[in-house]
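The lines below spell out each chain.
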Amino acid sequence: DAMVIQNPRYQVTQFGKPVTLSCSQTLNHNVMYWYQQKSSQAPKLLFHYYDKDFNNEADTPDNFQSRRPNTSFCFLDIRSPGLGDAAMYLCATSRDRLAGVETQYFGPGTRLLVL
Amino acid sequence: KNQVEQSPQSLIILEGKNCTLQCNYTVSPFSNLRWYKQDTGRGPVSLTIMTFSENTKSNGRYTATLDADTKQSSLHITASQLSDSASYICVVSAGNNFNKFYFGSGTKLNVKP
């Protein structure tokens, strides 16, 4: 059974048109993460939620926002997508923060195309 | 500067052969090191997690080693299979509370029949 679900798997948007990517989890994990991964590059952490506590990475552009209305769902909002935002967006969860041997579970990703 | 370097960038091997992927890091203070397998178009899947005191950890045909003194790790794949074709990413965590983690750029492995 899928544990971290991302919808849609593929998303096409227009330059400057707001877009929302969705992530849900059935693991009841406290922590949810959003990563951006461009072709042939390692994933780059954008932000994470520890329960309702939002933690933004210092170099995440203001164009990227996130919402976590409940434990199961987390959304990535891109307010004005640019061509450079075309990438795979990965959602991940962990039971607690990755301080020790917590396993991080990734979703299959949403591939975003900006026209 | 905290960095994670992986080598080689890409590797082609024949099915059934063994291979070793390398990860060198300068992350400090060290918390843990993880190896992930990422199939094309999919999210990464955790293979191993090692803390400071662990030297070796196995997961089936995957064996990771860690030398915290030299800040090096390796991932050894035994008797490779076509399904091992993927990118392998090394991630090193730093800090005590919430870890800051640093990703390597990955090694792309292609196993040919």
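Description of the structure in this document. (Residues numbered from 1 in each chain as written. Chains lettered and ligands numbered in written order. Predicted model: local features only at pLDDT ≥ 70, side-chain atom pairs only at ≥ 80, totals over all residues. Heavy atoms only, no water.)

**Considering the overall build of chain A**
Rules: Only runs of H or I of at least four residues qualify as helices and only runs of E of at least two qualify as strands under DSSP, and these elements are numbered from the N terminus. For every residue, the accessible area (1.4 Å probe, protein chains only) is compared with the maximum for its type, and the residue is labelled buried under 20%, exposed over 50%, or partly exposed between those bounds. It only takes one pair of heavy atoms within 4.5 Å for two residues to be counted as in contact. In this tally, Lys and Arg are treated as positive and Asp and Glu as negative; His is ignored, and so are the chain termini. Positions of charges follow a simple convention, taking NZ of Lys, CZ of Arg, CG of Asp or CD of Glu.
If you tally the helices and strands in chain A, you get zero helices and 11 strands. Taken along the three principal axes of its C-alpha coordinates, chain A extends 40 × 35 × 30 Å. Of all 115 residues assigned to chain A, the portion counted as buried reaches 50%. Nonlocal contacts in chain A, meaning residues at least 24 apart in sequence, comprise 57% of its contacts between residues at least 6 apart. Averaging the coordinates of the 11 positive side-chain charges in chain A and doing the same for the 10 negative ones gives two points 6 Å apart.

**A word on the overall build of chain B**
For the record, the criterion: Computation of the radius of gyration draws on C-alpha atoms, with the globule rule given as 2.2 Å multiplied by the number of residues to the power 0.38. Note on areas: Shrake-Rupley with a 1.4 Å probe; residue coverage comes only from the protein chains shown.
Looking only at helices and strands, chain B features zero helices and 11 strands. What you see for chain B is a C-alpha radius of gyration of 14 Å, in line with the 13 Å of a compact globule of 113 residues. Considered along the principal axes of its C-alpha atoms, chain B spans approximately 45 × 25 × 20 Å. Among the 113 residues that make up chain B, the fraction classed as buried is 44%. Long-range pairs, those at least 24 residues apart, make up 55% of the contacts in chain B with a sequence separation of at least 6. Split by element, the accessible area of chain B, about 5,400 Å² in all, is 48% carbon and sulfur.

**Overview of the interface of chain A and chain B**
To be explicit about the condition: Buried area adds together the accessible area that both of two parts lose upon being put together, with accessible area traced by a 1.4 Å probe. One side-chain nitrogen of Lys or Arg within 4 Å of one carboxyl oxygen of Asp or Glu is enough to make a salt bridge. We call two N or O atoms a polar contact when they sit within 3.5 Å, provided that within protein one can donate a hydrogen and the other can accept it, with sequence-adjacent residues counted only if both atoms are side-chain atoms. When residue character is reported, Ala, Val, Leu, Ile, Met, Phe, Trp, Tyr, Cys and Pro are called nonpolar, Asp, Glu, Lys and Arg charged, and the others, Gly included, polar.
Taken residue by residue, the interface counts 23 residues in chain A and 23 residues in chain B. Roughly 1,800 Å² of surface becomes buried between chain A and chain B when both sides are summed, with 57% attributable to carbon and sulfur atoms. At the surface where chain A touches chain B, the tally comes to zero salt bridges. The interface formed by chain A and chain B holds four residue pairs in polar contact (both at pLDDT 80 or more) in total. Looking at the side of chain A that touches chain B, the elements with two or more residues in it are β4 (31-37), β5 (44-50) and β9 (87-94) of chain A. Among the elements that take part in the side of chain A that touches chain B, β4(A) stands out by supplying three residues, more than any other. Of the residues in the side of chain A that touches chain B, the class split is 12 nonpolar, seven polar and four charged.

**Considering the nonpolar core**
Note the following rule: Nonpolar cores are built from buried Ala, Val, Leu, Ile, Met, Phe, Trp, Tyr and Cys residues. Side-chain atoms within 4.5 Å join them into one set.
Judged by nonpolar contacts, the single largest core of 25 residues is most densely connected at B:Y25, B:L33, B:W35, B:L75, B:Y88 and B:V92. Considering each element in turn, this core owes the most residues, five residues, to strand β9 (residues 86-94) of chain B. Membership of the second largest hydrophobic core comes to 18 residues, among which are A:V4, A:C23, A:F47 and A:C74.

**Focus: a nonpolar patch on the surface**
What counts, and what does not: Any residue with relative accessible area above 30% and no salt bridge may belong to a patch, with like charges joined within 9 Å and the nonpolar Val, Leu, Ile, Met, Phe, Trp and Tyr side chains within 5 Å.
Taken together, the side chains of A:V12, A:L113 and A:L115 define a hydrophobic patch exposed on the protein surface, amounting to about 290 Å² of accessible area. Residue position: A:L115 is located in the segment after β11 (110-114).

**Re the sheet that holds strand β1 (residues 4-7) of chain B**
Residue and element names in this part refer to chain B. Just so we agree on the cut-off: For two strands to count as paired, DSSP must find a minimum of two bridges between them. Structural elements are reduced to axes, namely lines fitted to C-alpha atoms, with helices fitted over the stretch in contact, and the angle between N-to-C directions of any two is expressed from 0 to 180 degrees.
Strand order in the open sheet made by the five strands is β1-β3-β8-β7-β6, with antiparallel pairing throughout. Unpaired on one side and paired on the other, β1 and β6 (56-59) mark the two borders of the sheet. On average, each strand axis in the sheet is inclined to that of its neighbour by 15 degrees, with strand direction left out of account. Note that β1 and strand β3 (residues 19-25) share four bridges and pair antiparallel. For Q6, the partnering residue across the bridge sits in β3 and is C23.

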